Amino acid sequence: MDTGTSQREDQQQAAQRRRKELLEAADRVVLRDGPDASMNAIAAEAGITKPILYRHFGDKSGLYRALAKRHTDALLASLRAALDAPNDRRERVEATLDTYLAAIEARPQVYRFLMHPAEDAPQAEQGFDIGRHSAPVLRRLGEELAKVITEQLDLGPDGTEVARVWGHGIVGMMHAAGDWWLRERPCSRAQLVRHLTDLLWGRLTTVDDRVAAPDR
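Residues numbered from 1 in each chain as written. Predicted model: local features only at pLDDT ≥ 70, side-chain atom pairs only at ≥ 80, totals over all residues. Heavy atoms only, no water.

Student: So what exactly am I meant to see when it comes to the overall build of the chain here?
Tutor: Looking only at helices and strands, the chain features 9 helices and 2 strands. The buried share of the chain, taken over its 216 residues, is 41%. Taking the intrachain contacts of the chain between residues at least 6 apart in sequence as the baseline, contacts between residues at least 24 apart amount to 70%. Carbon and sulfur atoms form 51% of the exposed surface of the chain, whose accessible area is close to 11,900 Å². (Helix = DSSP H or I, 4+ residues; strand = E, 2+ residues; numbered from the N terminus. Buried < 20%, exposed > 50% of the residue type's maximum accessible area, 1.4 Å probe, protein only. Contact = heavy atoms within 4.5 Å. Areas by Shrake-Rupley, 256 points an atom, 1.4 Å probe, with all protein chains shown as cover.)

Dropping the structure here:
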């Protein structure tokens, strides 16, 4: 390996480490301030100037996308583990719903940052449209859930279409119900999981598992 290549790799690794440090600083501010987290506060937490923060992420949209990917990756891993657990189907559905609700309950400020706009954003950040950026997060969750449904259930010749409808529909239900529940807390998390599972427990109970699917 020549010296130039080695230096470039070292620089890339250093940039990745720095980006991770900045995201961790951003997480700390988001945990404290929720949707009111500003680029100024994040830069201060990281001990840098705002122009340096912009250099790494471009603008608040770039930082948001990086944080969204970070948290969505972790959530998807947890959801997949719940869906793949060696339990019966209803238990897997309940575990999946509970995993999502537990995640937003544990870090409500992160959830609010990702899904709700700040009411009084700084002038420089007022052009940031959080709805435009949060929608892809929900679409990604819907597509990933559709993949799992396709892998595990035999839905017939229109299975791919049905799986995508179900995937996005379930994510929409989880998001809407979870958002309402997090604000009002009308019941316990366990009760909400049971009620939502009962709602889903229609056609889902009548279709067969794929023959190649693991034994449950």
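There's plenty left to go through after this.
Student: I would appreciate a short explanation of the side chain of Lys60 in the present structure.
Tutor: Within the secondary structure layout, Lys60 lies in helix H4 (residues 60-84). Among the polar contacts made by the side chain of Lys60, one reaches the main-chain carbonyl oxygen of Ala37 at a distance of 3.1 Å. (Polar contact = N/O pair within 3.5 Å; in protein donor to acceptor, adjacent residues only side chain to side chain.)

Student: Hey, could you run me through unusual backbone geometry in this one?
Tutor: Only a minority of non-glycine residues have a phi that is not negative, and only a minority of peptide bonds are not trans. The phi dihedral of Arg185 falls on the positive side, at around 45 degrees, and the residue is not glycine. We classify Arg185 as partly exposed; its relative accessible area is 40%.

Student: What am I meant to see in empty space enclosed by the protein here?
Tutor: Once rolled over the atoms, a probe with the size of a water molecule shows which space is left empty. Applying the stated criterion across every chain yields a total of 1 cavity of 30 Å³ or more. Here the largest cavity is characterised by a volume of approximately 250 Å³. Leu83, Val93, Leu145, Ile149 and Leu204 are, among the 15 residues lining the largest cavity, the residues nearest its centre. Listing elements by their share of the lining of the largest cavity, those giving two or more residues are helix H5 (89-106), helix H7 (130-152) and helix H8 (159-184). It is H5 that provides the largest number of residues to the lining of the largest cavity, a total of 5 residues. The residue inventory of the lining of the largest cavity, partitioned by class, reads 11 nonpolar, 2 polar and 2 charged. (1 Å grid on protein atoms, 1.4 Å probe; cavity = no way out; pocket = protein on both sides within 12 Å on 5 of 7 lines; lining within 4 Å. Points joined across faces, edges and corners; volume = space filled by probe spheres on them. Nonpolar A, V, L, I, M, F, W, Y, C, P; charged D, E, K, R; others polar.)

Student: Explanation requested: the pattern of salt bridges in the structure shown.
Tutor: Any two side chains of opposite charge can pair, so long as their charged atoms come close to each other. Tallied over the full model, the rule gives 18 salt bridges. In this structure, Arg80 engages Glu151 in a salt bridge whose closest nitrogen and oxygen atoms are separated by 2.4 Å. Placement of Arg80 in helix H4 and of Glu151 in helix H7 is noted, with a sequence separation of 71 residues between them. Note on Arg80: relative accessible area 31%, which makes it partly exposed. The partner of Arg90 in a salt bridge is Asp198, and the shortest N-O contact between them spans 2.6 Å. In this pair, Arg90 sits in helix H5 while Asp198 sits in helix H9 (residues 189-200), placing the two residues 108 residues apart along the sequence. Look at Arg90 and you get partly exposed, because its relative accessible area is 22%. (Salt bridge = Lys/Arg side-chain N within 4 Å of Asp/Glu carboxyl O.)

Student: Sorry if this is basic, but what is going on with the packing of H5 against H8 here?
Tutor: Where H5 contacts H8, the two axes come as close as 10 Å, and the packing angle between them is 40 degrees. Of the possible angle classes, the one that applies to H5 and H8 is oblique. By crossing handedness, the relation of H5 to H8 is classed as right-handed. Where H5 abuts H8, its residues Leu97, Tyr100, Leu101, Ile104 and Glu105 lie against Met173, Met174, His175, Gly178, Trp181 and Leu182. (Axes fitted to C-alpha atoms, helices over the stretch in contact; angles between N-to-C directions. Parallel < 35°, antiparallel > 145°, perpendicular 65-115°, else oblique. Left-handed = near helix turned anticlockwise from the far one by under 90°.)

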